[in-house]
Amino acid sequence: MSYPNQYAVVTGASRGLGRAFAFELAKCGINTLLVSSNCQISALCEELRNTYHIDSQYVIADLTKRESVISAVDEINAKYNVFFLINNAGVGGSQRFDKVDVSYLEKIIQLNVTATTLFCKLLLNNLLQQNKSFILNVASMAALTPIGYKMVYPASKAFVHNLSHAIRAEFRKTGLSVSVVCPGAMATSQSICQRIEKQGVFGKLTLISPEKVAHRCVRQALRGKREIVVNPAAFVFSKITPSDIRTRILTHIVKKETEM
């Protein structure tokens with residue numbers, strides 16, 4: 001694969017799956033444009049340039065703020081040819097809906113729904129100007145099942161899942177391919193590892209490394225795959241178990257997180 005003078009944009013690139021995406025793209029010889037609110041992202045760009053001899057640039061933006069999202073995309077469109085957009089930035093958690101602060105709910109909606117939608121929309125013309133272009137949106141296995149104590153997170157990821165398929169259908173006769181992935185639990189931080197431990201056997205069975213997710217996603221997205229499966233166990237569970245039963249099982253599992 002060769003994409004000279006073109007860039008892949010990764011949102012939420014400073015850690016976890018976003019960081020894994022950045023390394024995977026660089027290994028493929030793809031120039032990266034990393035979006036993060038963390039100023040230390042510059043060090044990651046330098047590491048990618050020195051190690052993989054690609055160009056790696058960054059944009060500092062707080063994607064929980066609409067104005068910052070628009071400003072970041074305007075900067076990208078003014079300076080770079082983008083052929084690949086990876087909407088990775090997202091947030092979630094496990095709390096009681098009657099106890100959670102409203103500002104946290106708004107943050108989930110802004111980051112998971114609004115920022116993802118705006119990046120797709122505002123980078124669209126840039127993407128369509130390339131001979132071939134790609135969007136990969138990161139949803140979640142939670143997108144397939146409503147889950148108590150997860151608040152609006154499953155709903156936000158269901159939005160991402162449906163949005164991805166809708167854009168793909170609309171632009172299927174162009175050079176733009178849109179993919180979506182619904183990964184399960186990933187050990188991306190100490191707090192997430194602690195949450196997985198509280199989920200017991202189910203959490204451990206569905207655990208997958210961000211590096212494995214990134215490796216499979218980048219390659220399958222560039223092949224035009226519509227829906228990318230990275231966690232077969234969780235995917236099969238979501239397909240063969242009736243929705244109401246899935247909801248009860250997963251709500252029971254997640255409830256443990258809020259009680260410990």
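Please read all numbers here as calculations on a predicted model, not as lab measurements.

Participant: So what's going on with the overall build of the protein? Which residues, and what values?
Facilitator: Looking only at helices and strands, the protein has 11 helices and seven strands in total. Taken over the C-alpha atoms alone, the protein extends approximately 50 × 40 × 35 Å along its principal axes. For the protein, the residues scored as buried account for 52% of the 260 residues in total. Total accessible area on the protein stands at roughly 12,400 Å², and carbon and sulfur atoms take up 51% of it. Mean positive and mean negative side-chain charge positions of the protein (31 and 18 charges, respectively) differ by 8 Å.

Participant: Report on the packing of helix α1 (residues 16–27) against helix α2 (residues 41–52), specifying residues and quantitative values.
Facilitator: Relative orientation and spacing of two packed helices are given, respectively, by the angle between their axes and the distance between those axes. Interaxial distance between α1 and α2 falls to 10 Å at its minimum, and their mutual angle equals 25°. Relative to α2, the element α1 lies roughly parallel. As for the relative orientation of α1 and α2, their crossing is right-handed in sense. Listed contacts from α2 to Arg19, Ala22, Phe23, Ala26 and Lys27 of α1 are Leu44, Glu47, Leu48 and Tyr52. Among the residues forming the contact of α1 with α2, the class breakdown is six nonpolar, no polar and three charged.

Participant: Which residues make up the sheet that holds strand β1 (residues 7–11), and what values do they have?
Facilitator: On the basis of which strands lie adjacent, the open sheet formed by seven strands has the order β3-β2-β1-β4-β5-β6-β7 and parallel pairing. Across the chains shown, the open sheet's two edge strands, defined by having one partner strand only, are β3 (56–60) and β7 (227–228). Pairing geometry for β1 and strand β4 (residues 82–87), over four bridges, is parallel. The residue bridging valine 9 from the neighbouring strand is leucine 85, located in β4. Strands β2 (31–36) and β3 of the sheet are contacted by α2, whose axis makes an angle of about 170° with β3. Against the sheet, helix α6 (residues 153–170) makes contact with β5 (133–138), β6 (176–181) and β7, and its axis sits at roughly 155° relative to β6, the strand it touches most.

Participant: Mind laying out helix α3 (residues 66–79), listing which residues take part and the relevant values?
Facilitator: In an α-helix, one turn spans 3.6 residues; hence positions three or four apart end up facing the same way. In a regular helix each residue adds 1.5 Å, so 14 residues correspond to 20 Å; α3 covers 21 Å between its end C-alpha atoms and thus fits that length. Of all the positions in α3, only Ser68, Val69, Ala72, Val73 and Ile76 are classed as buried. Down the axis of α3, the smallest arc covering the buried residues is 130°, so these residues share one side. Every exposed residue of α3 that faces more than 90 degrees away from the buried side is listed here: Glu67 and Ala78. On its buried face, α3 is in contact with β1, β2, β3, β4, α4 (102–122) and α5 (124–128).

Participant: Can you lay out the pairing of β6 for me, pointing to particular residues and giving the numbers?
Facilitator: Successive residues of a regular strand alternate their side chains across the two faces of the sheet. Burial runs high along β6: six of the six residues are buried. Burial of the side chains of β6 extends over both faces: Leu176, Val178 and Val180 are buried on one face and Ser177, Ser179 and Val181 on the other. Where the polypeptide runs from β5 across α6 and back to β6, its parallel neighbour, the crossover connection is right-handed. Pairing of β6 with β7 involves two bridges; the strand directions are parallel. Within β7, the residue paired with valine 180 across the bridge is glutamate 227.

Participant: Help me get a handle on the packing of aromatic side chains, residues and values and all.
Facilitator: Using the criterion set out here, one finds five aromatic pairs in the structure. Judged by centre distance (6.3 Å) and plane angle (80°), the rings of phenylalanine 23 and tyrosine 52 are edge-to-face. Taken as a pair, phenylalanine 23 in helix α1 and tyrosine 52 in helix α2 lie far apart in primary sequence, 29 residues in all. On the accessibility criterion, tyrosine 52 (26% relative accessible area) is partly exposed.

Participant: Account for unusual backbone geometry, naming residues and giving values.
Facilitator: A positive phi is found at histidine 53, a non-glycine position, where the angle reads about 55°. As for its placement among the helices and strands, histidine 53 is situated in the loop between α2 and β3. According to the relative accessible area criterion, histidine 53 is exposed, its value standing at 69%.

Rules behind the numbers
- Residues numbered from 1 in each chain as written.
- Predicted model: local features only at pLDDT ≥ 70, side-chain atom pairs only at ≥ 80, totals over all residues.
- Heavy atoms only, no water.
- Helix = DSSP H or I, 4+ residues; strand = E, 2+ residues; numbered from the N terminus.
- Buried < 20%, exposed > 50% of the residue type's maximum accessible area, 1.4 Å probe, protein only.
- Areas by Shrake-Rupley, 256 points an atom, 1.4 Å probe, with all protein chains shown as cover.
- Lys, Arg positive; Asp, Glu negative; His and termini not counted.
- Charge placed at Lys NZ, Arg CZ, Asp CG, Glu CD.
- Axes fitted to C-alpha atoms, helices over the stretch in contact; angles between N-to-C directions.
- Parallel < 35°, antiparallel > 145°, perpendicular 65-115°, else oblique.
- Left-handed = near helix turned anticlockwise from the far one by under 90°.
- Contact = heavy atoms within 4.5 Å.
- Nonpolar A, V, L, I, M, F, W, Y, C, P; charged D, E, K, R; others polar.
- Pairing = 2+ DSSP bridges.
- Expected span 1.5 Å × (residues − 1).
- Arc of directions from axis to C-beta.
- Right-handed = clockwise from strand over helix to strand, strands pointing away.
- Phe/Tyr/Trp six-rings, centres within 6.5 Å; stacked < 30°, edge-to-face > 60°.

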